[in-house]
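The primary structure of each chain is shown beneath.
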Amino acid sequence: MIKRLRLEDPDDEAPHPPRRPRKSNHLTLLEAFSDPRLFAPFFKDPDSWIAWQALIGAAFGLPMTGDHLAIYRKCTGRTDPPTEQMRELVLVVGRRGGKSRVLALIATWLAAFVDYKPYLDPGERGVVQVLAADRDQAKIILRYVKAFFKLPMLSRLIERETQFGLELSNSVAIEVTTASFRSVRGATCVAALADEIAFWADEGANPDAEVIKAIRPSMATIPNAMLLLASSPYARKGVLWDMHRQHHGKDDPRVLSWQASTETMNPSIDPDYLKEQYERDPVSASAEYGAQFRTDVEAFISAEAVDAVTAEERERPYIAGRRYYAFADPAGGSGKDSFTLAIGHVEDRVPVLDVIREKKPPFSPKAVISDLCETLKQYGIRKVTADRFAAEFAVEAFREHQITLEHSLKPKSQIYSEFLPLLNSKTCDLLDHARLRTQLLGLERKVSRAGKDSIDHGPGGHDDVANAVAGVLTSMGVRKYKYDASMAWVGSIDPSSSREQSPAAQRLASLVQMQTARGLIR
């Protein structure tokens, strides 16, 4: 078998390239998987990898054994196995199931054993992209890839090795990158592996849908280019959920959805450990290890609601005679949290946001507080409310600048709960601030086993800016609003349609012009 493997084909320069990329001498990934001179040493105890062998067979349209076929039917809801390689693969697999190693195997196979030269221009490289929420996470797969390329048969392909990937002599590169719809553009992508995509942002600057939408055109000129979306599941939202819902159990010749628990994909895992996790938190374990999408998590705020109350201003000036309020979310400067401040006032019983300040770490808390106090004094503010968990050092530091810092009596979830009716009834005005929008849309409502709601940012997210803004807008004593639950006021969700300012924002803009003319704005 191995004698038939050739990494360079003498027909590379043939004047009439084949319609599809060629695998050298027809060696299949399943054969390479079990060959002791190739990948078998990386997958000890073959019986524990039988489900992954079934997945590989289905993904590449390879013949299946009876055991493989039974697993395929269980995990896909389909009856007949594919006969051609899939273009897109959706893997909903429990944690510790082995998906990172198998994704790395597939990346290695596609990069080293498939000939893409007929479809690349001179000097052009095809790229196998490994994407994750951040590069550190993507490097988990890269470490497996680099281990595979230490095999003597593959190591001679390496032209250059960097901390972010490998460049190969066959005009293919393997690169890890952050999930960004900008960074994935430009390259000719022969394969893309989206790792833990359920935990990418599904709103904000780089929503998962936009990243995947940007990848697909880069694969259009490569026959049999492959897109793999793999993750343990989370909430019923985002690309992973949408693709799974659309394709699971459907006989689609291009897209395959595979859903399997940790125990199915990794039967060697300790059953006592899984039992303990289910007893400790059955809802979380059902998602983490049972590969079931959570039903207790939902988006807290819609994009349409935020956009409907967002004005064009990025900051509003001080106007004499107005009373201003402030809310701070302090941070120590050495962790991952920002130090944030929001300032606002009430205009015709509508809370209006005027200022947002955010200092990202690392920073000196005293220096940040000194700067923020100057801003507070410009707006005539001598008292600030802070997140109830703000450290005592912040109280003392504000006091040194003759400003009182008081801890909020409300927990964060209560602040957000009071903020939502203001937003959904269109009785508040926000600023045009990208971080605010991202963080508001990233908030999630979770229901505990006791039935109690909890509102916080999603996994890997932040809400420092959102917390300060919600805090100040709910601290002004405005309580008389009409909650329009129909959401009819939101208007069109078509991004091409024009978005009008809310009435309060229009009134405020007129007031600013008038006060400026009178010389009352400083």
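The following paragraphs examine the structure supplied in this document. Here the structure is a predicted model, which is why all the values come from computation and not from measurement.

**Considering the overall build of the protein**
Summing up its helical and strand segments, the protein has 18 helices and 18 strands in all. Expressed as a percentage of the 522 residues in the protein, the buried residues total 51%. Within the protein, residue pairs in contact and separated by at least 24 positions form 73% of the contacts whose partners lie at least 6 positions apart. As displayed, the protein offers around 24,500 Å² of accessible surface, 48% of which is attributable to carbon and sulfur atoms.

**Looking at the packing of helix α2 (residues 50-59) against helix α3 (residues 66-76)**
At their nearest, the axes of α2 and α3 sit 9 Å apart, and the two run at 80 degrees to each other. On the basis of the axis angle, α2 is roughly perpendicular to α3. When α2 is examined against α3, the residues I50, A51, Q53, A54 and A58 are found in contact with a partner set consisting of D67, H68, I71 and Y72. When grouped by side-chain class, the residues that make up the contact of α2 with α3 number six nonpolar, two polar and one charged.

**Side note on the environment of E124**
By the secondary structure assignment, E124 is in the loop between β3 (114-115) and β4 (126-132). With 48 residues separating them in the primary sequence, E124 and V172 have C-alpha atoms 8.6 Å apart. Ignoring anything within four residues of it in the chain, the contact list for E124 reads Y119, S171 and T188. One polar contact links E124 to T188, side chain to side chain, over a distance of 2.3 Å.

**Here's the deal with the nonpolar core**
With 91 residues, the main nonpolar core has F39, F60, L229 and W258 as its most contacted residues. For this core, the element with the highest residue contribution is helix α4 (residues 99-112), accounting for ten residues. Judged by nonpolar contacts, the second largest core, of 33 residues, contains F300, F327, L353 and Y416.

**Section: the packing of helix α15 (residues 412-424) against helix α17 (residues 464-473)**
Interaxial distance between α15 and α17 falls to 9 Å at its minimum, and their mutual angle equals 65 degrees. Relative to α17, the element α15 is oriented roughly perpendicular. With respect to the hand of their crossing, α15 and α17 are arranged in left-handed fashion. Contact residues: α15 offers K412, I415, Y416, F419 and L422, while α17 offers A466, N467, A470, G471 and L473. For the contact of α15 with α17, the per-class residue count stands at seven nonpolar, two polar and one charged.

**A short note on helix α13 (residues 365-378)**
The terminal C-alpha atoms of α13 lie 20 Å apart, and with 14 residues this matches the ideal 20 Å at 1.5 Å per residue to within 8%. Residues of α13 that are buried sit in contact with β12 (324-329), β13 (339-347), β14 (350-359), β15 (383-386) and α14 (392-399). Among the residues trailing α13, G380 stands out with phi positive, at a value near 70 degrees.

**What to know about the sheet that holds strand β16 (residues 404-407)**
Reading across from one edge, β14-β13-β12-β15-β16 is the order of the five strands in this open sheet, with mixed pairing throughout. Across the chains shown, the open sheet's two edge strands, defined by having one partner strand only, are β14 and β16. Between one strand axis and the next, the sheet turns through 25 degrees on average, direction left out of account. Relative to β13, β12 is paired through six bridges, and the arrangement is antiparallel. In the strand pairing of β13, A328 is matched with L341. Where α14 meets the sheet, it contacts β13 and β16, and its direction lies at approximately 155 degrees from that of β16.

**Things to note about the packing of aromatic side chains**
In total, this model carries 14 aromatic pairs according to the counting rule given. Here the aromatic rings of F43 and F148 are separated by 6.2 Å at their centres, their planes lie at 20 degrees, and the arrangement is stacked. With a gap of 105 residues between them, F43 in the loop between α1 (29-34) and α2 and F148 in helix α5 (residues 135-148) connect regions that are remote in the sequence. With respect to burial, F43 and F148 carry one shared label: buried. With 6.1 Å between their ring centres and 85 degrees between their planes, Y318 and Y379 make a pair best called edge-to-face. Note that Y318 is positioned in the loop between α12 (303-308) and β12 and Y379 in the loop between α13 and β15, a separation of 61 residues in sequence. Accessibility assignment for this pair places Y318 and Y379 in one class, buried. In textbook terms, an aromatic cluster arises when at least three aromatic residues are bridged by ring pairs, as seen for F33, F39, F42, F43, W49, W109, F113 and F148.

**Here we look at the pattern of salt bridges**
Under the defined criterion, the tally for this structure stands at 21 salt bridges. Salt-bridge contacts for R95 lead to E288; the nearest nitrogen and oxygen are separated by 3.4 Å. With R95 in the loop between β2 (88-93) and α4 and E288 in helix α11 (residues 282-288), this residue pair connects regions lying 193 residues apart in the sequence. Among the residues examined, R95 registers a relative accessible area of 39% and is labelled partly exposed. Judged by relative accessible area, E288 falls into the partly exposed class, the value being 21%. Here K99 ties to E196 by a salt bridge, and the two come within 3.2 Å at their closest N and O atoms. Residue K99 is found in helix α4, and its partner E196 is found in the loop between β8 (188-195) and α7 (208-218); the two are separated by 97 residues along the sequence.

**As for the sheet that holds strand β5 (residues 158-162)**
Spatial ordering of the open sheet is given by β5-β6-β7-β4-β8-β9-β2-β10, a layout of eight strands whose pairing is mixed. A strand with exactly one partner marks an edge of an open sheet, and here the two such strands are β5 and β10 (255-260). The mean angle between the axes of side-by-side strands here comes to 15 degrees, regardless of whether they run parallel or antiparallel. Direction of pairing for β4 relative to β8: parallel, over a ladder of six bridges. Counterpart to V130 in the pairing with β8 is L193. Helix α8 (residues 238-247) rests against β2, β9 (226-231) and β10 of the sheet, and its axis sits at about 105 degrees to β2.

Conventions used here
Residues numbered from 1 in each chain as written. Predicted model: local features only at pLDDT ≥ 70, side-chain atom pairs only at ≥ 80, totals over all residues. Heavy atoms only, no water. Helix = DSSP H or I, 4+ residues; strand = E, 2+ residues; numbered from the N terminus. Buried < 20%, exposed > 50% of the residue type's maximum accessible area, 1.4 Å probe, protein only. Contact = heavy atoms within 4.5 Å. Areas by Shrake-Rupley, 256 points an atom, 1.4 Å probe, with all protein chains shown as cover. Axes fitted to C-alpha atoms, helices over the stretch in contact; angles between N-to-C directions. Parallel < 35°, antiparallel > 145°, perpendicular 65-115°, else oblique. Nonpolar A, V, L, I, M, F, W, Y, C, P; charged D, E, K, R; others polar. Polar contact = N/O pair within 3.5 Å; in protein donor to acceptor, adjacent residues only side chain to side chain. Core = buried A, V, L, I, M, F, W, Y, C linked by side-chain atoms within 4.5 Å. Left-handed = near helix turned anticlockwise from the far one by under 90°. Expected span 1.5 Å × (residues − 1). Pairing = 2+ DSSP bridges. Phe/Tyr/Trp six-rings, centres within 6.5 Å; stacked < 30°, edge-to-face > 60°. Salt bridge = Lys/Arg side-chain N within 4 Å of Asp/Glu carboxyl O.

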